[in-house]
Amino acid sequence: MSNINKKKDALNYHSMGRPGKIQVVPTKPHSSQRDLSLAYSPGVAEPCLAIAENADDAYKYTAKGNLVAVISNGTAVLGLGDIGAQAGKPVMEGKGLLFKIFADIDVFDIELDITNVDEFVRTVKALEPTFGGVNLEDIKAPECFEIERRLKAEMNIPVMHDDQHGTAIISGAALINACELIGKEISQVKIVVNGAGAAAISCTSMYQSVGALKENIVMLDSKGVIRKDRTELDPSKAEFATDQDIYTLEDAMKGADVFIGLSKANVLTPEMLLTMAENPIVLAMANPNPEIAYDLAIATRSDVIMGTGRSDYPNQVNNVLGFPYIFRGALDVRASAINEEMKIAAVKALAELAKKSVPEEVNIAYNTNNLRFCRDYIIPKPTDPRLITEVSVAVAKAAIDSGVARHIITDWDAYIENLHKRLGNDDRIIRTLVEKAKSDPKRVVFAEADNYKTLRAIQIVKDEGIAIPILLGNRQKIEDLIQEFTFDLGDVEIIDPVLETKTERFEKFVNHFYTKRQRRGISKYDAQKLMTNRNYFAASMVEFGEADTLISGLTKNYGTTIKPALQVIGAKPGSRVAGMYMMMTPKGPLFFGDTTVNEDPTAEELVDIAILIDDAVKRFNVKPRLAMLSFSNFGSSTGKIPTKVREAVKILHAKAPHITVDGDLQANFALNAEMLDANFPFSTLNGQAANTLIFPNLESGNIAYKLLQTAGNAEAIGPILLGMNKPVHVLQLDSSVREIVNMVTIAVVDVQAFEKNN
């Protein structure tokens, strides 16, 4: 992807809709005058007085206990350096987003235009009444060490500089497990640390905390080995100075067991790697490109255990494995600090988690069934849902044991259940699907490639490795758009059906279609004319295995788009075709069907639709709970629709007893487990709300998903076409680029499942 397009995408992402990445939303009712009088004057006086009498009541009556400040002065932003506080704000907002989606922690990002250490410390300290914790970010060394040290000493809430300790914790877990795999004691390994900034200093200290010996560690900065005879060293570097007779990275690498890279790209050569000890451990964490490329390292040494900061290779050292869960555990016990015991607990929890049996959803995300503790898996994956429980619980317990907790958890089972409830499955489902698609990308033919939004989505799925795109449309228009908007699509195949009419492929497609439809009113001339239509041509490519799936529908209505696929490919033998939407809501995903195909299904047809959708929901690693909807609750009203729905439920219970389903039900009861249990204790859905809604007709399903999408601010992913003989997916008219990318991701995963079952 060109730098111009990367810049456009990044700027568009941050500016589209409401500018920025985070917002504040009310958590209490506020629609009536009574609500407002309780929220502010005069009702707000009561919690104020309670807190004045007992300061700890701030955790009871305000958001303090779940609120973290992400604070920076912008002096060391990512790889951008000293760009200033305001320019660093997008990074701090991004950190806030990660806190929220991974650990349900609310964040205010605070950018301070202050470089003086005393003034910075004084300002942050004054904010203590507001927050439950402070995450320091992107502050240059050596000031960051002094700032963190003083704030930890002077504040009574958790303070952590993640640039230092996040990388230290994750890489510490990786180092422990790598040493275990190769049978080396961490106290015996020779470690070379290339880099001497905040992260490098903290990493090296952490390795010592988990068993590495100082005399076995050599650290380098931009001037070479940090030696005791250098006179310009600041105290943080001097702590790791050596008197060994070595001066360069090349010298240091000879016989080394471990290389830790926190510097810049491509400084570790294959020749240096070859001089390392047997079974070398290389954690090359420079971003975006490591100190030695993964493929080059593996090609150079077959016995190397390799980790990087990149997500496209094994063993990604990613801070998101740590900071959300460390703060979660610290906040939940109202810790007064994040101490060494808590950080070491996080290291050990991560290391142990990598040795445990991997949940199926993680295997699914990486398209494998045997992800296990080995050279390519020494630390957990960011998609692992157990991180919030394993790491947060370990940190909370360490806080209690070390005496910094002010709230003692006694019922750990209840705490773990609470952690599970904090996170919905919506974003996690998409992240899992993306990882699964990337693990085995498929050929996707785009029938509307001569459209800017389609090309933008194609650029994204190509760059992300989600799919192998094939572009279908007017060749000249496609090439003009690529040039106009500087897309970088390399050697992606472009096909213009109009220019294909004299080819053997075109004739093959025409003959197949004519043979299939000649008794349905299609002449040979009609077949030739229709095959120049991109939707017919794309469907034929899928039918003949020249593409794995197709994406279309951006510029044409649903019926016009689906008709060619139905005529060329058709439904699975004995199956019905139906359309399903996945609605991403704040409380998790809901699955709606049928929303696009069957106008007024019979009871028997509703059964077929329900079975199709139940099977589809399982492919998203969600346990489906189906509610068959009507305007009636278990016969409370009469009429054609309630009768049809009740009959469908009866048939389903007999035909597919493994499916969790009930009805007829009104939507509010289906989605409210407490209401359902209180009023209809006999329902087979009792215990949890339904997550899959089967509508009695196309009209109600279509209206419902569009209302929720627009008025309910839910993201609609679909329509996901079910029951076809080969995978085909049709977009909503005028879908956004994001929606196209989501549908491509689902299409690729659909193909993977299709190939597995055929």
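Preceding this section is the structure that the text describes.
Residues numbered from 1 in each chain as written. Predicted model: local features only at pLDDT ≥ 70, side-chain atom pairs only at ≥ 80, totals over all residues. Heavy atoms only, no water.

## Here we look at a nonpolar patch on the surface
The grouping of Leu78, Leu80 and Ile83 at the surface amounts to a nonpolar patch, some 310 Å² of accessible area in total. Locating Ile83 in the fold gives a position in the loop between β1 (67–72) and α5 (89–103). (Patch = residues over 30% accessible without salt bridge, like charges linked within 9 Å, V, L, I, M, F, W, Y side chains within 5 Å. Areas by Shrake-Rupley, 256 points an atom, 1.4 Å probe, with all protein chains shown as cover. Salt bridge = Lys/Arg side-chain N within 4 Å of Asp/Glu carboxyl O. Helix = DSSP H or I, 4+ residues; strand = E, 2+ residues; numbered from the N terminus.)

## Quick word on the packing of helix α17 (residues 387–401) against helix α18 (residues 412–422)
Two elements in contact, α17 and α18, have axes separated by 10 Å at closest approach and are oriented at 135°. Put simply, α17 runs oblique to α18. Pair α17 / α18 crosses with right-handed handedness. Every residue of α18 that contacts α17 at Ile388, Thr389, Ser392, Val393, Ala396, Lys397 and Ile400 is listed here: Trp412, Tyr415, Ile416, Leu419 and His420. Each residue belonging to the contact of α17 with α18 can be placed in one class, and the counts come to 8 nonpolar, 3 polar and 1 charged. (Axes fitted to C-alpha atoms, helices over the stretch in contact; angles between N-to-C directions. Parallel < 35°, antiparallel > 145°, perpendicular 65-115°, else oblique. Left-handed = near helix turned anticlockwise from the far one by under 90°. Contact = heavy atoms within 4.5 Å. Nonpolar A, V, L, I, M, F, W, Y, C, P; charged D, E, K, R; others polar.)

## Looking at the sheet that holds strand β15 (residues 578–585)
Taken together, 6 strands build an open sheet; the order of strands is β18-β17-β19-β16-β15-β20 and the sheet is mixed. In this open sheet, the two edge strands, each paired with only one partner strand, are β18 (661–665) and β20 (715–722). Neighbour-to-neighbour, the strand axes of the sheet open up by a mean angle of 25°, direction not taken into account. With 6 bridges joining them, β15 and β20 adopt antiparallel strand pairing. Each bridged residue has a counterpart across the sheet, and for Gly579 the counterpart in β20 is Leu721. Packing of helix α31 (residues 737–757) onto the sheet brings it into contact with β15 and β20, and relative to β20 it is tilted by some 35°. (Pairing = 2+ DSSP bridges.)

## Overview of the environment of Thr75
Turning to its location among the elements, Thr75 is positioned in the loop between β1 and α5. Distance in space between the C-alpha atoms of Thr75 and Lys140 is 5.4 Å, their sequence separation being 65 residues. Non-local contacts of Thr75, meaning those with residues more than four positions away in its chain, are made with Gly81, Asp82, Thr115, Asp138, Ile139 and Lys140. Only 2.7 Å separates the side chain of Thr75 from the side chain of Asn73, close enough to count as a polar contact. (Polar contact = N/O pair within 3.5 Å; in protein donor to acceptor, adjacent residues only side chain to side chain.)

## As for the packing of helix α14 (residues 323–332) against α17
Two numbers describe how α14 lies on α17: the axes approach to 7 Å, and their chain directions differ by 50°. The orientation of α14 relative to α17 falls into the category oblique. The chirality of how α14 crosses α17 is right-handed. Here Tyr325, Ile326, Arg328, Gly329 and Ala330 of α14 lie close against α17, whose contacting residues are Leu387, Ile388, Val391, Ser392, Val395 and Ala396. Looking at the contact of α14 with α17, its residues break down into 8 nonpolar, 2 polar and 1 charged.

## Some words on the sheet that holds strand β3 (residues 133–136)
The 4 strands are arranged β2-β1-β3-β4 in an open sheet whose pairing can be described as parallel. Two strands bound the open sheet, and with one partner strand each, they are β2 (106–111) and β4 (159–161). Looking at each pair of strands side by side, their axes are set apart by 20° on average, direction ignored. Here β1 runs beside β2; their pairing, made up of 6 bridges, is parallel.

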